[in-house]
Amino acid sequence: MPARANPELDSLVRRIQAEGLRDELAEALYRQLYPGLRAMFLRRPALARNAEDLAHDALERIFDGIGGFRFESAFATWAWRIARNLAANAERDLHAAKRDALEVPLDAAPPDGGEALVDRLPTPEASPEEQAERGELRRRAMRAIQELPARMRRCWLLRELHGFSERQTAAALGVSEGTVKSQTHEARKRLRGVLPDLSDR
Amino acid sequence: MPGDDQWRRSLREAMAERAMRHRRPEPDELIDYLEGRLSAAEREEIEEAAAHHPEVARELAELAAFPGTDPDAGVPPLGEDELTASWQRFRPRLASLRPSSPPARRATVRWTLAHAAALFFFLTTLALLVALARDTFAPPAPLPNVAVAELSPVGEEVRRADGEPTVRLATEAQPLLVVLALAEAREFPAYRLTLTTASGESLWRTDELHRFDDGTFRLLLPRQLVAEGRYRLELFGRGDDGDVPLARYELSVETE
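Report follows, based on the coordinates.

Overview of the overall build of chain B
So, point 1. For chain B, the helix and strand inventory stands at six helices and eight strands.
So, point 2. Ordered by position from N to C terminus, the α and β elements of chain B give α-α-α-α-α-α-β-β-β-β-β-β-β-β.
So, point 3. Here chain B holds 256 residues, and the buried ones make up 38% of them.
So, point 4. As displayed, chain B offers around 14,800 Å² of accessible surface, 57% of which is attributable to carbon and sulfur atoms.

Thoughts on helix H7 (residues 150–161) of chain A
Residues and elements named next belong to chain A.
So, point 1. A rise of 1.5 Å per residue sets the reference length of H7, with its 12 residues, at 16 Å; its end C-alpha atoms lie 15 Å apart and thus fit the reference within 8%.
So, point 2. Among the 12 residues of H7, nine are classified as buried, and the element is accordingly described as predominantly covered.
So, point 3. All of the buried residues in H7 are Met 152, Arg 153, Arg 154, Cys 155, Trp 156, Leu 157, Leu 158, Glu 160 and Leu 161.
So, point 4. Positive backbone phi, at 75°, marks Gly 163, one or two positions downstream of H7.

Digging into the pattern of salt bridges
So, point 1. Tallied over the full model, the rule gives 37 salt bridges over all chains.
So, point 2. For Arg 93 of chain B, the salt bridge goes to Glu 60 of chain A, with nearest N and O atoms at 2.7 Å. Separated into two different chains, Arg 93 of chain B in helix H5 (residues 80–94) and Glu 60 of chain A in helix H3 (residues 51–65) make up a pair that spans both.
So, point 3. Residue Glu 60 of chain A is classed as partly exposed on the basis of its relative accessible area of 23%.
So, point 4. A salt bridge links Glu 44 of chain B to Arg 154 of chain A, with the shortest nitrogen-to-oxygen separation between them at 3.0 Å. With Glu 44 of chain B in helix H3 (residues 40–52) and Arg 154 of chain A in helix H7, the pair connects residues from two separate chains.
So, point 5. When its relative accessible area of 39% is taken as the criterion, Glu 44 of chain B is described as partly exposed.
So, point 6. Residue Arg 154 of chain A is classed as buried on the basis of its relative accessible area, which comes to 4%.

Thoughts on a nonpolar patch on the surface
So, point 1. On the surface, Leu 119, Phe 122, Leu 123, Leu 126 and Val 130 of chain B cluster together into a nonpolar patch covering about 480 Å² of accessible area.
So, point 2. Looking at the secondary structure, you find Leu 126 of chain B in helix H6 (residues 104–137).

Describing the sheet that holds strand E4 (residues 190–197) of chain B
Residues and elements named next belong to chain B.
So, point 1. Taken together, the five strands give an open sheet; going across it, the order is E2-E8-E7-E4-E5, and neighbouring strands pair in mixed fashion. Of all strands in the sheet, those bounded by a partner on one side alone are strand E2 (166–169) and strand E5 (202–206). Looking at each pair of strands side by side, their axes are set apart by 30° on average, direction ignored.
So, point 2. Two elements, E2 and strand E8 (residues 242–255), share four bridges in a ladder whose sense is parallel. Of the residues in E8, the one forming a bridge with Arg 168 is Glu 254.

A few points about the interface of chain A and chain B
So, point 1. At the junction of the two partners, chain A supplies 76 residues and chain B supplies 69 residues.
So, point 2. Carbon and sulfur atoms make up 56% of the surface buried where chain A meets chain B, a total of about 7,100 Å² over both sides.
So, point 3. Where chain A touches chain B, the interface holds 18 salt bridges.
So, point 4. Residues Glu 48 of chain B and Arg 154 of chain A are paired through a salt bridge, measuring 2.6 Å at the closest nitrogen-oxygen approach.

With respect to the packing of H3 of chain A against H5 of chain B
So, point 1. Where H3 of chain A meets H5 of chain B, the axes come as close as 11 Å, and the angle between the chain directions of the two elements is 40°. By the angle between their axes, H3 of chain A is oblique relative to H5 of chain B. Handedness of the H3 of chain A/H5 of chain B crossing: right-handed. Residues Glu 52, Asp 53, His 56, Asp 57, Leu 59, Glu 60 and Phe 63 of chain A of H3 of chain A lie in contact with H5 of chain B, whose contacting residues are Ser 86, Arg 89, Phe 90, Arg 93 and Leu 94 of chain B.
So, point 2. When its residues are assigned to classes, the contact of H3 of chain A with H5 of chain B shows four nonpolar, two polar and six charged.

Parameters and conventions
Residues numbered from 1 in each chain as written. Chains lettered and ligands numbered in written order. Predicted model: local features only at pLDDT ≥ 70, side-chain atom pairs only at ≥ 80, totals over all residues. Heavy atoms only, no water. Helix = DSSP H or I, 4+ residues; strand = E, 2+ residues; numbered from the N terminus. Buried < 20%, exposed > 50% of the residue type's maximum accessible area, 1.4 Å probe, protein only. Areas by Shrake-Rupley, 256 points an atom, 1.4 Å probe, with all protein chains shown as cover. Expected span 1.5 Å × (residues − 1). Salt bridge = Lys/Arg side-chain N within 4 Å of Asp/Glu carboxyl O. Patch = residues over 30% accessible without salt bridge, like charges linked within 9 Å, V, L, I, M, F, W, Y side chains within 5 Å. Pairing = 2+ DSSP bridges. Axes fitted to C-alpha atoms, helices over the stretch in contact; angles between N-to-C directions. Contact = heavy atoms within 4.5 Å. Buried area = accessible area lost by both parts, 1.4 Å probe. Parallel < 35°, antiparallel > 145°, perpendicular 65-115°, else oblique. Left-handed = near helix turned anticlockwise from the far one by under 90°. Nonpolar A, V, L, I, M, F, W, Y, C, P; charged D, E, K, R; others polar.

Structure, rendered in C-alpha cells:
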C-alpha cells in the first residue's frame, strides 16, 4: 500500500470506476480535490490569475483518466502529478511567450521620451572594500552554518532563513513538528555562539 | 560589528551561491521521497536540496498536504459558496467525459496498445544490444580536445611521485573523459556513479553506465561539472539486494 494511501478517497474512486461519473460521486470527488488544486495554481505567481481555469483543466484530465487508474500509487499522488505537469507546461508556455515578446534595447530611448532603461538601473553602491567585507561575512556565515549537524542545519535554514512554518518544515523534511522545534532551537543557540548579533525570527 | 540584517543578507547570498550547485529534484523524485521509495542516501539528497531551494520545500509541503491544502502557503481559503459556484461552472465539462467506467472496447484498445508498446520495447532493446556489441568490438573513436583521467580505486592505485591523479583542463570548454579501473570480478545488471566534492557535497550522479570488456567504465563529464578542485567518485553495483559499493576514486582538477 502506498505510504500516502487515503482509504476514503480510494473508496470514492472505486465507486466512480464501478458506477460511472454519476453527479453526486463526481461532485464529492471535485470537492475533495478542487481546493488543493486551486491552491497549487494560486501559489505560482505566473498562474495565479487563471487558477480556477487551470484547476478545472487538471480536474478534467483526472476525471478522464480515472477509469484507467490502477491503484499502483496513492490516488492523491496520481492526481497531483497530473496537475503538476499541467502547471509546468503552463509556466513553460508563459515563459516562451515572454521570451518571444518584443525586446527593448537597454540603451534605446522609450517612445514617450524620458530616460533609457540603462540610465534607470541602480548604480553599484558597494566599494571594493565593502565588497571584500561582504565576501568575508559570507564565508564566516557559511562556516557557522556548515558546522551544524545536517538535520539541524536544514531545520534552521527553512525556518529562519526561508520563513517556513514548523508544519511546512516538518512536511518537507519528513520529521515531526516537535523535532523541527527542538532542532531549530538548538541551532539558534549554537549560531548565537559564533554569530553573536544574529537574532531570532 | 555586523548586525542581524547583515548576517542574514550574507547567509542568503551564500546560500544562493550554494543553491546553484545543488541539483533541483524532479517532481517524480519528490513523490518517491514522500511515498518512502528512496534509499537513505537519496532521502538525504532530497532534504539537502529542500534546504537550499525553498521552492522544492514548498512543493514538498504542498504535496504532503494534498488533497488538502497547506494552510501556511499564504493562499486565501475557499468558502463553501465559492466551492459550490466553482463546481457549477465545472459540471458541464463532465458531459463530454461520460461514461467514464471502462467499457470492454476501451480495455481491448488498452491491450492492443500494451502489445504495441511491448513490441516497441523489444525492438529497441535488440537495437541497443546490437549497438553495444558493435561498440565492444570496435576500437573507440578518438575524441578531439578531450582531457582524459584514468583513475584507480582508492587503496589500489599505483602510487606515483606526483601524488593523487591530477588532471589539467584548459579554461575554454573541454570535456573530461574519465576511465575508471575496477578489479571487482562480479557483474551487476546496472551500475551507478556519484560525483561529490572532496567534502562530500553531492554534485551529480548517473545510472547510464556499462562496463567495457577490459573491465573499465568510461564516461564523459561536462566541463561545467568539474571546476578546479578535488572530487570523489563512488561506483555502485545495482541489483536485487540494492546498491553495493564497489569502489571509490579521487580526482583533482586544475585549470590552465
